[in-house]
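Listed below are the residues making up each chain.
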Amino acid sequence: MMFFEHGTQNSDLGTEDLRKGLCTALEKLGSRQKVLAIPPDYTRFHSRAGQLTNLAVRYYGDRLTDILPALGTHYPMSASEIQKMFVDTDPSLFLVHNWRKDVVTLGEVPQEFLNEVSEGRVN
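Residues numbered from 1 in each chain as written. Predicted model: local features only at pLDDT ≥ 70, side-chain atom pairs only at ≥ 80, totals over all residues. Heavy atoms only, no water.

Engineer: A description of the overall build of the protein chain should follow, citing residues and the corresponding values.
Structural biologist: Across its full length, the protein chain carries four helices and two strands. Radius of gyration (C-alpha) of the protein chain: 18 Å, far over the 14 Å computed for a compact globule of 123 residues. Seen through its principal axes, the protein chain has C-alpha atoms that stretch 50 × 35 × 30 Å. Buried positions account for 25% of the 123 residues belonging to the protein chain. (Helix = DSSP H or I, 4+ residues; strand = E, 2+ residues; numbered from the N terminus. Rg over C-alpha atoms; globule rule 2.2 N^0.38 Å. Buried < 20%, exposed > 50% of the residue type's maximum accessible area, 1.4 Å probe, protein only.)

What follows is the structure, given as structure tokens:
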């Protein structure tokens with residue numbers, strides 16, 4: 001399903017283009033009561049993900065409860081990196097995920113189940 005399409009590989013999307021596109025895509029998702037935004041971290045600063053996240057915060061208002069930068073194996077973002085990338089977004093919305101220490105095992109999926117639902121592709 002395509003949520004939004006505009007421009008070409010040579011187009012330069014302005015802030016209003018991003019806002020309209022994001023709003024169009026989010027409207028297609030339907031109403032949401034509690035939203036977690038997972039933008040890339042500072043290593044992807046030039047992606048404009050900070051700007052898109054700011055626009056999502058404005059769109060959802062207080063329904064956007066948390067922002068969890070996708071760090072991968074990078075270090076958590078500093079306060080100055082958050083401020084530079086996400087500009088006027090409330091810093092209290094940001095969560096830090098320490099993938100080395102805060103992962104909790106909730107349970108295990110039996111091998112037989114995986115094999116069955118994947119039609120033998122996963123053991």
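Engineer: Got a sec to walk through the environment of Thr8? Specific residues and values, please.
Structural biologist: Within the secondary structure layout, Thr8 lies in the segment before helix H1 (15-29). Since its relative accessible area comes to 55%, Thr8 is described here as exposed. Spatially, the C-alpha atom of Thr8 lies 30 Å from that of Ser31, the residues being 23 residues apart in sequence.

Engineer: I'd love a proper account of the environment of Ser11, names of residues and values included.
Structural biologist: In this structure, Ser11 sits in the segment before H1. You can call Ser11 partly exposed: its relative accessible area is 37%. Remark: the alpha-carbon pair of Ser11 and Gly50, spanning 39 residues in sequence, is separated by 20 Å. Side-chain polar atoms of Ser11 contact the backbone nitrogen of Thr8, separated by 2.7 Å. (Polar contact = N/O pair within 3.5 Å; in protein donor to acceptor, adjacent residues only side chain to side chain.)

Engineer: So what about the environment of Tyr59? Which residues, and what values?
Structural biologist: Note that Tyr59 resides in helix H2 (residues 49-60). For the pair Tyr59 and Leu26, spaced 33 residues apart in the sequence, the C-alpha separation amounts to 8.6 Å. Not counting chain neighbours up to four residues away, the residues in contact with Tyr59 comprise Cys23, Leu26 and Glu27. (Contact = heavy atoms within 4.5 Å.)

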